[in-house]
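# Residue-level structural notes
Residue-level listing of the chains:
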Amino acid sequence: MKILHFSSDGSSEMNSARWRISNMSDALIRAGHQVKVMAVRHWIYQTEQGRFYCNWADIIIVHRVMVQESIDAVEFWRSRGKAVVIDFDDAYDKLEGDYNPAAEFWKDGLVTIKSGG
(Lines give C-alpha, C1' and ligand atoms only; values in the text may rest on other atoms or scores of the structure.)
Protein backbone atom coordinates (compact mmCIF):
# COMPACT_ATOMS: atom_id res chain seq x y z
CA MET A 1 0.00 0.00 0.00
CA LYS A 2 1.15 3.55 -0.75
CA ILE A 3 0.36 6.09 1.97
CA LEU A 4 0.86 9.84 1.56
CA HIS A 5 0.85 12.18 4.56
CA PHE A 6 0.54 15.95 4.32
CA SER A 7 2.06 17.23 7.57
CA SER A 8 0.95 20.53 9.05
CA ASP A 9 4.04 20.77 11.27
CA GLY A 10 6.65 23.21 10.03
CA SER A 11 10.31 22.33 9.60
CA SER A 12 11.21 23.99 12.91
CA GLU A 13 8.69 21.99 14.92
CA MET A 14 8.03 18.34 15.49
CA ASN A 15 4.74 18.44 17.30
CA SER A 16 2.03 16.05 16.22
CA ALA A 17 4.00 14.76 13.25
CA ARG A 18 6.19 12.69 15.55
CA TRP A 19 3.24 10.90 17.09
CA ARG A 20 0.71 10.98 14.24
CA ILE A 21 3.01 10.33 11.29
CA SER A 22 6.47 9.02 12.18
CA ASN A 23 5.52 6.26 14.61
CA MET A 24 2.81 4.88 12.32
CA SER A 25 4.96 5.24 9.20
CA ASP A 26 7.90 3.43 10.77
CA ALA A 27 5.67 0.41 11.47
CA LEU A 28 4.08 0.52 8.01
CA ILE A 29 7.46 0.66 6.28
CA ARG A 30 8.69 -2.32 8.33
CA ALA A 31 5.55 -4.18 7.17
CA GLY A 32 6.46 -3.52 3.52
CA HIS A 33 4.28 -0.50 2.72
CA GLN A 34 5.49 2.68 1.04
CA VAL A 35 5.10 6.01 2.85
CA LYS A 36 5.73 9.56 1.69
CA VAL A 37 5.47 12.68 3.88
CA MET A 38 5.07 16.16 2.39
CA ALA A 39 4.45 19.64 3.76
CA VAL A 40 0.78 20.56 3.83
CA ARG A 41 1.39 23.47 1.44
CA HIS A 42 1.68 20.89 -1.36
CA TRP A 43 -1.87 19.82 -0.52
CA ILE A 44 -3.38 23.27 -0.03
CA TYR A 45 -1.87 24.70 -3.23
CA GLN A 46 -2.02 21.42 -5.18
CA THR A 47 1.54 21.85 -6.36
CA GLU A 48 2.88 19.77 -9.22
CA GLN A 49 4.81 17.61 -6.74
CA GLY A 50 1.75 17.30 -4.48
CA ARG A 51 -0.46 16.21 -7.40
CA PHE A 52 2.18 13.71 -8.53
CA TYR A 53 2.22 11.99 -5.14
CA CYS A 54 -1.57 12.16 -4.76
CA ASN A 55 -1.77 10.19 -8.03
CA TRP A 56 0.81 7.75 -6.64
CA ALA A 57 -0.93 7.19 -3.29
CA ASP A 58 -3.56 4.65 -2.35
CA ILE A 59 -4.44 6.62 0.79
CA ILE A 60 -3.96 10.37 1.31
CA ILE A 61 -3.85 11.57 4.94
CA VAL A 62 -4.11 15.32 5.59
CA HIS A 63 -3.14 16.44 9.07
CA ARG A 64 -5.16 19.20 10.73
CA VAL A 65 -5.76 21.60 7.85
CA MET A 66 -9.37 21.78 6.66
CA VAL A 67 -9.73 25.19 5.04
CA GLN A 68 -11.69 25.74 1.82
CA GLU A 69 -8.73 24.88 -0.42
CA SER A 70 -8.38 21.61 1.45
CA ILE A 71 -12.07 20.80 1.05
CA ASP A 72 -11.78 21.50 -2.69
CA ALA A 73 -8.78 19.15 -2.92
CA VAL A 74 -10.62 16.41 -0.99
CA GLU A 75 -13.53 16.63 -3.43
CA PHE A 76 -11.16 16.58 -6.42
CA TRP A 77 -9.21 13.50 -5.29
CA ARG A 78 -12.22 11.59 -4.00
CA SER A 79 -13.91 12.09 -7.39
CA ARG A 80 -10.88 10.28 -8.84
CA GLY A 81 -11.30 7.31 -6.51
CA LYS A 82 -8.70 8.26 -3.91
CA ALA A 83 -9.22 7.53 -0.22
CA VAL A 84 -8.68 10.80 1.68
CA VAL A 85 -8.46 10.87 5.47
CA ILE A 86 -8.40 14.05 7.57
CA ASP A 87 -6.56 13.62 10.87
CA PHE A 88 -7.55 16.05 13.60
CA ASP A 89 -5.33 15.33 16.57
CA ASP A 90 -6.41 18.05 19.01
CA ALA A 91 -9.77 19.12 20.38
CA TYR A 92 -9.22 22.83 19.91
CA ASP A 93 -12.81 23.63 20.84
CA LYS A 94 -12.10 22.18 24.32
CA LEU A 95 -9.20 24.50 25.17
CA GLU A 96 -9.65 26.09 28.56
CA GLY A 97 -7.99 29.00 30.28
CA ASP A 98 -5.88 31.86 29.07
CA TYR A 99 -2.66 30.04 30.02
CA ASN A 100 -2.72 27.91 26.87
CA PRO A 101 -0.69 29.69 24.16
CA ALA A 102 -2.84 28.13 21.42
CA ALA A 103 -6.13 29.39 22.92
CA GLU A 104 -5.85 32.88 21.43
CA PHE A 105 -5.94 31.46 17.93
CA TRP A 106 -7.88 28.20 18.25
CA LYS A 107 -10.41 29.22 20.90
CA ASP A 108 -10.77 32.97 20.44
CA GLY A 109 -10.15 33.11 16.69
CA LEU A 110 -7.59 35.91 16.99
CA VAL A 111 -4.75 36.08 14.52
CA THR A 112 -1.57 37.94 15.44
CA ILE A 113 0.66 38.96 12.55
CA LYS A 114 4.16 40.12 13.40
CA SER A 115 5.85 42.48 11.00
CA GLY A 116 9.57 42.58 10.40
CA GLY A 117 9.81 46.19 11.55
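First things first, this report covers the structure right here in the doc. (Residues numbered from 1 in each chain as written. Predicted model: local features only at pLDDT ≥ 70, side-chain atom pairs only at ≥ 80, totals over all residues. Heavy atoms only, no water.)

### Considerations on the overall build of the chain
When helices and strands are counted, the chain shows 5 helices and 4 strands. Helices and strands appear in the chain in the N-to-C order β-α-β-α-α-β-α-β-α. Contacts spanning at least 24 positions in sequence make up 61% of the contacts within the chain whose residues lie at least 6 apart. Element-wise, carbon and sulfur atoms account for 52% of the exposed surface of the chain, whose accessible area totals about 7,800 Å². (Helix = DSSP H or I, 4+ residues; strand = E, 2+ residues; numbered from the N terminus. Contact = heavy atoms within 4.5 Å. Areas by Shrake-Rupley, 256 points an atom, 1.4 Å probe, with all protein chains shown as cover.)

### Here we look at the pairing of strand β3 (residues 59–63)
In terms of residue burial, β3 counts as a mostly covered element, since 4 of its 5 residues are buried. Sheet analysis places strand β1 (residues 2–7) next to β3, joined by 4 bridges and oriented parallel. Paired with F6 across the strands is V62, a residue of β3. Examined bridge by bridge, β3 and strand β4 (residues 83–87) share 5 bridges and lie parallel to one another. When the sheet's bridge partners are listed, I60 is paired in β4 with V84. In this fold, the crossover linking β3 to β4 by way of helix α4 (residues 68–78) has right-handed handedness. (Buried < 20%, exposed > 50% of the residue type's maximum accessible area, 1.4 Å probe, protein only. Pairing = 2+ DSSP bridges. Right-handed = clockwise from strand over helix to strand, strands pointing away.)

### Description of the nonpolar core
With 15 residues, the main nonpolar core has F6, W43 and I60 as its most contacted residues. For this core, the elements supplying multiple residues, two or more each, are β1, α2 (41–44), β3 and α4. Take this core: its biggest share by element is 3 residues, from α4. Those residues within four positions of I60 in sequence are excluded, and the remaining contacts are L4, F6, W43, C54, W77, K82, A83, V84 and V85. (Core = buried A, V, L, I, M, F, W, Y, C linked by side-chain atoms within 4.5 Å.)

### Describing the pairing of β1
Taking burial as the measure, the 6 residues of β1 include 5 buried ones, the bulk of the element. Sheet topology places β1 next to strand β2 (residues 34–39); 6 bridges connect them, and they run parallel. Bridging from a neighbouring strand, K2 pairs with Q34 of β2.

### Here's the deal with the sheet that holds β2
One open sheet accounts for 4 strands, arranged β2-β1-β3-β4; its pairing is parallel. The open sheet is flanked by β2 and β4, the only strands paired with a single partner. The average undirected angle you get between the axes of adjacent strands in this sheet is 20°. With respect to the sheet, α4 is in contact with β3 and β4, its orientation differing from that of β4 by roughly 155°. (Axes fitted to C-alpha atoms, helices over the stretch in contact; angles between N-to-C directions.)

### As for a nonpolar patch on the surface
Among the surface-exposed residues, M66, I71 and F88 lie close enough to one another that they form a single nonpolar patch of about 250 Å² accessible area. Position of F88 among the secondary structure elements: in the loop between β4 and α5 (103–106). (Patch = residues over 30% accessible without salt bridge, like charges linked within 9 Å, V, L, I, M, F, W, Y side chains within 5 Å. Salt bridge = Lys/Arg side-chain N within 4 Å of Asp/Glu carboxyl O.)

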